[in-house]
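Chain and residue survey
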Amino acid sequence: MTDTLAAPALTANDFASENEVRWCPGCGDYAILKAVKKTLAEIGAARENTVFVSGIGCSSRFPHYVNTYGFHSIHGRAPAIATGAMLANPDLDMWIITGDGDGLSIGGNHLMHILRRNVNCQILLFNNEIYGLTKGQYSPTSHFATRSPSSPSGSLDTPIDPALFALGCGARFVARAVDTQQKQLGEILKAAYEHSGASFIEIYQNCPVFNDGVFSPFTEKASRDDFQIQVEHKKPLTYGSENNKGLISNQSQFDLKPVTIGQDGIKPEQIITHDQTNRTLAFLLAQMSGRDTPTATGVLYNASEPSYEHVVTEQVSKITARAKQRPEPARSGINDVLRQGFNWEV
Amino acid sequence: MTIVKNDDKIILIIKTKVPALLDKTKRQPLETVVVRIAGDSGDGIQVTGSQLSLANAMQGSDLATFPDYPSEVRAPVGTTYGVSAFQIHFGGRDIKTIGDEPDVLIALNPAALKTNLERLRTGGLVIIDTGAFTSRNIEKAGYEISPLEDKTLDAYKLIKTDISKQTLAAVADIGLSRKDSLRCKNFYALGLVYWLFDRQRESTYAWLQKKFAVHKNVANANIAALDAGHAFGETLEASSDLAGYSIGPAQMENGLYRLVTGAQTMAWGLAAAAELCDRKLVFASYPITPATPILHELATLKDLGVVTFQAEDEIAAACAALGASFAGALGVTSSSGPGIALKQETISLAVSVELPMVIVNTQRAGPSTGMPTKTEQSDLYQAAFGRHGESPLPVLAARSPADCFDVAIEASRIAIEYMTPVIVLSDGFIGNASEPWLIADVNDYPRFGHEQIIIPEAFAPFKRHPKTLARQWVTPGMEGLEHVLGGLEKDHVTGAIAYDPENHQKMTDIRAQKIAGISRTIPDLEPDQGDTTGDIAIVGWGSTYGPISRAVTNLRNDGKAVSHVHLRHLFPFADNQDELLDNFRIILVPELNAGQLLMMIKATGRQNLQGLSKVSGQPFMVREIEAAVDKILEKIND
């Protein structure tokens, strides 16, 4: 009996780099880093084939803390750099690390286009609703009236919702996670990895220094169950500390309505079952505000479509096959191109 | 001439013998001639021009062309701002410019006459379609009375005929609508020009038959119009003293030729470079006039493995090119001035992470939107100094459409051998102009970028080649060499983030030394024309090559001690540049900007410099350069 010499499987620790992690104590980024390393081990990622590309900001330091290939680039441009890399080598496992400022302010345009093109990658948007690295200014996801050094009387900008933005851009995979909810985060990362195309994950990430507790109402243990709904494909949309709350269809408003099972004659079968392939439902879940309705986390939308690199490659095959069918010899290099068309001998 | 049909391709083969002229005795021989065709943007002026170019090339004439068209896609018919023009200079010797002033102007409507007449040489020939000179069109062009009825055309020879009406008559039997029939009038005019200069029609027949293979009646109508125009010329010959001209073939090196624009050769040069270094070409761009034709050309080469990416903006295009290089492809981006400005942050990142990248700038008249379809050389500062921080990079400039091929290959070689972004300067003139090109053979170019030997145990991301100072190009997918690149300052060996003051000094110095050291791969500068000493060296770069070269030929024929020194390498300069320029009393630097190369040479400590600046959106005229030289000579010989 012979054993093949398989390389020993890598553990989460095998993906840690030698660099000292320099986020603030208590930063939510630590938890995300931990979940990503664990996921890399679980999916059996090859270090040499894995690439983390980031922009600028606290979260964008991430590539320095994993020992795969990485590119800590410039503010907002990670999606464009990653797109170029995937066009050069479609076999890479591409992870993009961005934040609410990097991804939705200076880099909003590139985020929009990588999502609509469906470049095969995982986009982790660390949303802490504040600018950390520049010391606490309000961000495009900050609540209206956020007081910060650049908005001492309160910010006047209406915030953008990352998941709704992604859905609006035509993203085929949109999920929400919470830094401290490791189990769910790990499952989402794995689903994102398995999804072919651009997977967008908004991660609510607590910034203990400049915006501490901004997500507490739906992330703290005491209130989490009643103010957060963790959605799962093909499971009823229920939540609550006694798991007796749920979402039904409010047909007159084309909306979701939170209800309590047993009250006002609500029966369990009225509760909607989550269907991650239903884009309309994903929109409705994403736009629940978290005040009168729970904040939805989990995989909101997951529909498979060919990735950008796939259609790019497919088009080349088609063009090449067509060229082969032509009667004249197919051109095999630029020398042939130069000699096609009108030319003359002197 | 023989026409060989090879499947759907039509190849014309000619031997450079002067074709038998119908009536050699009566035709007046000309060495060269400049023809300008002008009409409404919908008149097919550019197609007419390219057919005239091809016919000339097939007959062995050398030529240079330039399309001069408006920015408006379809300006209102008959207006002066809707006029499209095409200028061609052709003849029986080497042609280096599009010609200072046209000898012949074909004006297909009053607006075309209005906007182009003042360029015409006094005594030149004007060909007019009287059918288009309706009172409405005359008024639209801004004439108070018809220029055919006052003294407007007194200083010129004139052929006026109702081209519109004669075209309709010529194609009457084919059964096209009146509108479609009238669209053949450019070919009628072309036929007349062919008669005028004794050009053969076969190449145009062949082109029309291929172009309208499906719509055969359209091909036939245009052929009928072409023949009718030619026949009209013959009747002119019989009825007037105008016997037409004859133009001999130019002495050209033997080989296979084709007509090329600078955009085509730039695109092909980049694709050739990718073959020579065995990398995938990823060309990322965002449409902008006049740079876009490079993207169009490369987008047709997907079957060769060329990847083109139309990005969402200029920044994304630059980033995608850099990302492609990061992953091991030859990453190239292309734009014009305003777009290059947007790319500069990314180019600085490329300087910092030391990845290869090629940036092509097809310059146009600025600042800001400026004059998108007009040419200028005003991005030299932007190329050499346009980033943030200390971020030197090599800058090369192409001098002509044919030259773009070589420059694209050289830029790619430098980018990979030195692990640096390289900026290539072209301009709107070079990009759109066409000339015959002795087709290159990629096998004649040295291969590059194959010398990398990586020993994993000894690898560190910023260890350098002792001679070039280039780091190694290690890309994702290569096992055991995983590392992180980034814009933060890096340790000079490990590439780890480093804020150490000495390290930053060292890295800044090394990055500068590496670029300065590129001059060792630059051949010694020699005068393109003239002696290595003399009264005046004219130092030029980019598309001013043609006018300067012709001016120097003329001046030297007059016995003047003038030399032409052309710079392809603008940063760093060739090592011997200073030494060479020391041998001249005055250095004249003509540029289509306010004196940017002048300032860069001044910065080397040189005193005996004089600039010649032009920023009108038009190329230099030969006589402008000659006049500047004569003025200097007068002064120094006083």
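Residues numbered from 1 in each chain as written. Chains lettered and ligands numbered in written order. Predicted model: local features only at pLDDT ≥ 70, side-chain atom pairs only at ≥ 80, totals over all residues.

Description of the overall build of chain A
For chain A, the count of helices and strands is 11 helices and 12 strands. Each principal axis of the C-alpha atoms in chain A carries an extent, and together these give about 90 × 65 × 50 Å. A total of 346 residues make up chain A; the buried ones form 47% of that total. By sequence separation, contacts in chain A at least 24 residues apart represent 66% of the contacts at least 6 residues apart. (Helix = DSSP H or I, 4+ residues; strand = E, 2+ residues; numbered from the N terminus. Buried ≥ 20, exposed ≤ 12 C-beta atoms within 10 Å, placed from the backbone. Contact = placed C-beta atoms within 7 Å.)

Remarks on the overall build of chain B
Counting its secondary structure elements, chain B contains 20 helices and 24 strands. For chain B, the C-alpha radius of gyration of 27 Å lies close to 26 Å, the compact-globule estimate for 638 residues. With the C-alpha coordinates aligned to their principal axes, the bounding extent of chain B is approximately 85 × 65 × 50 Å. The buried share among the 638 residues of chain B stands at 53%. Restricting to contacts in chain B with at least 6 residues of sequence separation, those with at least 24 account for 76%. (Rg over C-alpha atoms; globule rule 2.2 N^0.38 Å.)

Considering the sheet that holds strand 14 (residues 330–335) of chain B
All names here are of chain B. Read across the sheet, seven strands follow the order 13-12-14-15-17-16-22 without closing on themselves; strand pairing throughout is mixed. The open sheet has two free edges, formed respectively by strand 13 (307–310) and strand 22 (569–571), since each of these has just one partner strand. Neighbouring strand axes in the sheet, compared pairwise and without regard to direction, differ in orientation by 20° on average. With five bridges connecting them, strand 12 (residues 281–285) and strand 14 associate as parallel partners. If you follow Leu281 over to strand 14, its bridge partner there is Leu330. Contacting strand 12, strand 13, strand 14 and strand 15 (357–363), helix 10 (residues 292–299) runs over the sheet at an angle of about 135° to strand 13. Against the sheet, helix 11 (residues 314–326) makes contact with strand 12, strand 13, strand 14 and strand 15, and its axis sits at roughly 165° relative to strand 14, the strand it touches most. (Pairing = 2+ DSSP bridges. Axes fitted to C-alpha atoms, helices over the stretch in contact; angles between N-to-C directions.)

Section: the nonpolar core
Counting residues in each nonpolar core, the largest one holds 263 residues, and the members touching the most others are A:Ala85, B:Ala271 and B:Val424. Counting residues in hydrophobic clusters, the runner-up holds eight residues, among them A:Cys27, A:Ile130, A:Tyr131 and A:Phe210. (Core = buried A, V, L, I, M, F, W, Y, C linked by C-beta atoms within 7 Å.)

Examining the environment of B:Ala327
Examined against the element boundaries, B:Ala327 turns out to sit in the loop between helix 11 and strand 14. For B:Ala327, a count of 29 C-beta atoms within 10 Å translates into the label buried. B:Ala327 sits 149 residues away from B:Pro476 along the chain, and the two C-alpha atoms are 5.8 Å apart. Each residue touching B:Ala327, except ones within four places of it in the same chain, is listed here: A:Ala85, A:Ala88, A:Asn89, A:Leu92, B:Thr475 and B:Pro476.

What about helix 10 of chain B?
Residues and elements named next belong to chain B. Regarding helix 10, the residues found buried are Ile294, Leu295, Glu297 and Leu298. The arc enclosing the buried residues of helix 10, seen along the axis, measures out at 165°, which places them on a common side. In this structure, the buried side of helix 10 is in contact with helix 9 (262–277), strand 12, strand 13, strand 14 and strand 15. (Arc of directions from axis to C-beta.)

Some points on helix 2 (residues 78–88) of chain A
Of all the 11 residues making up helix 2 of chain A, 11 are buried; the element is thus mostly covered by neighbouring parts of the structure. For helix 2 of chain A, every residue scored as buried is listed here: A:Ala78, A:Pro79, A:Ala80, A:Ile81, A:Ala82, A:Thr83, A:Gly84, A:Ala85, A:Met86, A:Leu87 and A:Ala88.

Let's talk about the interface of chain B and chain A
Residue-level contacts link 67 residues of chain B with 51 residues of chain A. Considering each element in turn, the side of chain B that touches chain A owes the most residues, nine residues, to helix 11 of chain B. Residue composition of the side of chain B that touches chain A, grouped by class: 41 nonpolar, 13 polar and 13 charged. Relative to strand 11 (residues 256–261) of chain B, strand 12 (residues 344–345) of chain A runs antiparallel, the two sharing two bridges. (Nonpolar A, V, L, I, M, F, W, Y, C, P; charged D, E, K, R; others polar.)

As for the pairing of strand 18 (residues 434–438) of chain B
All names here are of chain B. Burial of strand 18 is extensive: four of the five residues sit out of reach of the surface. Pairing of strand 11 with strand 18, which is carried by five bridges, proceeds in the antiparallel orientation. From the neighbouring strand, Val260 faces strand 18, where its bridge partner is Glu435.

Focus: unusual backbone geometry
At the junction of B:Thr289 and B:Pro290, the peptide bond is cis and its omega measures out at 0° in the coordinates. In this fold, B:Pro290 is placed in the loop between strand 12 and helix 10. The omega angle of the peptide bond from B:Phe571 to B:Pro572 is -10°, so this bond is cis rather than trans. Its place among the elements puts B:Pro572 in the loop between strand 22 and helix 18 (577–581). At A:Glu129, a residue that is not glycine, the phi angle is positive and equals roughly 55°. With respect to the helices and strands, A:Glu129 occurs in the loop between strand 4 (121–127) and helix 5 (162–168). In this model, A:Ala145 sits at a positive phi of 75°, which is unusual for a non-glycine residue. Position of A:Ala145 relative to the elements: it lies in the loop between strand 4 and helix 5.

Side note on the sheet that holds strand 9 (residues 245–250) of chain A
Where strands meet in a sheet, backbone hydrogen bonds hold them as pairs that are either parallel or antiparallel. All names here are of chain A. What the three strands build is an open sheet, ordered 8-9-10; its pairing is antiparallel. Of all strands in the sheet, those bounded by a partner on one side alone are strand 8 (238–239) and strand 10 (255–260). As paired strands, strand 9 and strand 10 are joined by six bridges and run antiparallel to one another. The residue of strand 10 that forms the bridge with Ser249 is Leu256.

Overview of the packing of helix 7 (residues 202–211) of chain B against helix 8 (residues 216–239) of chain B
Residue and element names in this part refer to chain B. Look at helix 7 against helix 8: their axes get within 9 Å of each other, and the N-to-C directions meet at 160°. As far as their axial angle goes, helix 8 and helix 7 are roughly antiparallel. Relative to helix 8, the crossing made by helix 7 is right-handed. Judged by residue contacts, Thr204, Tyr205, Leu208 and Gln209 of helix 7 engage Ala219, Asn222, Ile223 and Leu226 from helix 8. Split by residue class, the contact of helix 7 with helix 8 holds five nonpolar, three polar and no charged. (Parallel < 35°, antiparallel > 145°, perpendicular 65-115°, else oblique. Left-handed = near helix turned anticlockwise from the far one by under 90°.)

Notes on the domain arrangement of chain B
Residue and element names in this part refer to chain B. Each domain of chain B was delimited in the assignment, giving domain 1 (2–247), domain 2 (253–521) and domain 3 (534–636). The distance between the C-alpha centroids of domain 1 and domain 2 comes to 40 Å. Contacts between the two partners involve 13 residues from domain 1 and, on the opposite side, 10 residues from domain 2. Of all the secondary-structure elements, those providing two or more residues to the side of domain 1 that touches domain 2 are helix 1 (45–58) and strand 5 (62–68). Per-element tally for the side of domain 1 that touches domain 2: the top contributor is strand 5, with six residues. Residues that form the side of domain 1 that touches domain 2 fall into these classes: nine nonpolar, three polar and one charged. (Domains from an automatic or database assignment.)

Overview of the domain arrangement of chain A
Residue and element names in this part refer to chain A. For chain A, the domain assignment lists domain 1 (14–235 + 274–308) and domain 2 (237–273). Relative to domain 2, the C-alpha centre of domain 1 lies at a distance of 28 Å. Among the elements of the structure, helix 8 (221–227) and strand 7 (228–231) are those that each provide at least two residues to the side of domain 1 that touches domain 2. Broken down by element, the side of domain 1 that touches domain 2 gets its largest block of residues, three residues, from strand 7. Taken together, the residues that form the side of domain 1 that touches domain 2 break down as five nonpolar, three polar and five charged.

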